[in-house]
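Coordinate inspection notes
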Amino acid sequence: MYSFFALMARMKYIERWALMRNSLSENVSEHSLEVAMLAHGLAIISNEKCGNDFDVSRVALMGLYHDANEIITGDMPTPIKYHDDHIKAAYKRVEDLASQTMIDKLPDYMRKYYQPVFFPQEGNEREWRLVKAADKLSALIKCMEELRSGNQEFKTAKKTIEDTLHKMEMPEVEIFVKEFLPAYELTLDELQAEEVSCDDKI
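Described in the following lines is the structure provided in the data block. As the structure is a computational prediction, the values presented were derived from the model and not from experiment.

**Digging into a nonpolar patch on the surface**
There is a patch of nonpolar side chains on the surface, built from L33, M37, L61 and L64 and spanning about 350 Å² of accessible area. Of all the elements in the fold, those that place two or more residues in the nonpolar patch are α2 (28-50) and α3 (56-65). Within the secondary structure, M37 is located in helix α2.

Next comes the structure, spelled out in structure tokens:
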């Protein structure tokens, strides 16, 4: 009996933003799906607009599992996790141990497929950078949603995340922010109207 997928099913029980007052709660399962979609999109933008050649499906898969170890560790708040280099390094070891623990819940013949999407491998550093950017974009979108609902708790976090994304100096991210991020400010009716308007122009 192997428990890997039963563990994955528990992703939905891990709440994010534990130190913040939330208008709408967000769990790791929801966040991971969004990161996978954003990472996939960033990889496509990078290939089409920046001359790269990413395996877009693999990048999406890496995004899907990027926080899976939090099933074991829980979601460590960012101010604590990155407080200093010692804490950051120690927590990285805890995350790696948790990730390996989960991979060990698979049969031997499956583990080789999951190792590269749980752990950085030589040569895929650029792919993980896309996933990191997608993770930050997801957090930025969460801040925007909270601010739109009138929750000022996320005002400082939004500015911090925007600065972090800008400092990453990734053209894929800048393109996404310019072409896709503004739509997150629209209502459902406005989004549908915009879609109809686009269709009319084709």
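**Here's the deal with the packing of aromatic side chains**
Counted by the stated rule, this structure contains nine aromatic pairs. Plain terms: the ring middles of Y65 and Y114 are 5.8 Å apart, the flat faces sit at 80 degrees to each other, and that makes the pair edge-to-face. Highlighted residues: Y65 in helix α3 and Y114 in helix α7 (residues 108-118), separated in sequence by 49 residues. Relative accessible area serves as the criterion here: at 13%, Y65 is assigned to the buried category. Chaining the aromatic ring pairs together yields one cluster made of F4, F5, Y65, Y114 and F118. The ring of Y13 has K12 sitting right over it, with the charged end atom 5.3 Å from the ring centre.

**Observations regarding the nonpolar core**
Ranked by internal contacts, the top residues of the largest apolar core, which has 47 residues, are F4, M8, L42, Y65, M102, Y114 and F118. Counting only elements with at least two residues in this core, the list comes to α1 (4-8), α2, α3, α6 (85-103), α7, α8 (125-148), α9 (155-167) and α10 (171-179). Of the residues forming this core, the biggest block, 11 residues, is contributed by α8.

**Details of the environment of K142**
Along the polypeptide, K142 turns up in helix α8. Considering only alpha carbons, one finds K142 and K112, 30 residues apart in sequence, at a separation of 34 Å. Every residue in contact with K142, bar those within four places of it in the chain, is listed here: W17, N22, L24, E26 and F154. A polar side-chain atom of K142 sits 2.6 Å from the main-chain carbonyl oxygen of L24. Polar contacts involving the side chain of K142 include one to the side chain of E146, which spans 2.7 Å.

**A short note on the pattern of salt bridges**
Following the criterion strictly, the structure yields nine salt bridges and no others. With a closest N to O distance of 2.6 Å, K158 and E162 form a salt bridge. Of the two residues, K158 and E162 both sit in helix α9, four residues apart, roughly one turn of that helix. When its relative accessible area of 30% is taken as the criterion, E162 is described as partly exposed. Salt bridges here are not isolated pairs; linked through shared partners, they connect R16, E26 and D67.

**Some thoughts on the packing of α6 against α7**
The contact between α6 and α7 brings their axes to 10 Å, and the two run at 160 degrees. It follows that α6 is roughly antiparallel to α7 by the angle criterion. Crossing hand, α6 versus α7: right-handed. For the pair α6 and α7, contact is made by S99, Q100, M102 and I103 and by R111, Y114, Q115 and F118, respectively.

**Examining the side chain of H31**
Topologically, H31 is positioned in helix α2. According to the relative accessible area criterion, H31 is buried, its value standing at 0%. Here H66 takes part through its side chain, which lies 3.3 Å from a polar atom of the side chain of H31. Those residues in contact with H31 that sit more than four places away from it in its chain are R16, E26, H66, D67, D135 and S138.

The rules behind these values
- Residues numbered from 1 in each chain as written.
- Predicted model: local features only at pLDDT ≥ 70, side-chain atom pairs only at ≥ 80, totals over all residues.
- Heavy atoms only, no water.
- Patch = residues over 30% accessible without salt bridge, like charges linked within 9 Å, V, L, I, M, F, W, Y side chains within 5 Å.
- Areas by Shrake-Rupley, 256 points an atom, 1.4 Å probe, with all protein chains shown as cover.
- Salt bridge = Lys/Arg side-chain N within 4 Å of Asp/Glu carboxyl O.
- Helix = DSSP H or I, 4+ residues; strand = E, 2+ residues; numbered from the N terminus.
- Phe/Tyr/Trp six-rings, centres within 6.5 Å; stacked < 30°, edge-to-face > 60°.
- Buried < 20%, exposed > 50% of the residue type's maximum accessible area, 1.4 Å probe, protein only.
- Lys NZ or Arg CZ within 6 Å of the ring centre and 35° of its normal.
- Core = buried A, V, L, I, M, F, W, Y, C linked by side-chain atoms within 4.5 Å.
- Contact = heavy atoms within 4.5 Å.
- Polar contact = N/O pair within 3.5 Å; in protein donor to acceptor, adjacent residues only side chain to side chain.
- Axes fitted to C-alpha atoms, helices over the stretch in contact; angles between N-to-C directions.
- Parallel < 35°, antiparallel > 145°, perpendicular 65-115°, else oblique.
- Left-handed = near helix turned anticlockwise from the far one by under 90°.

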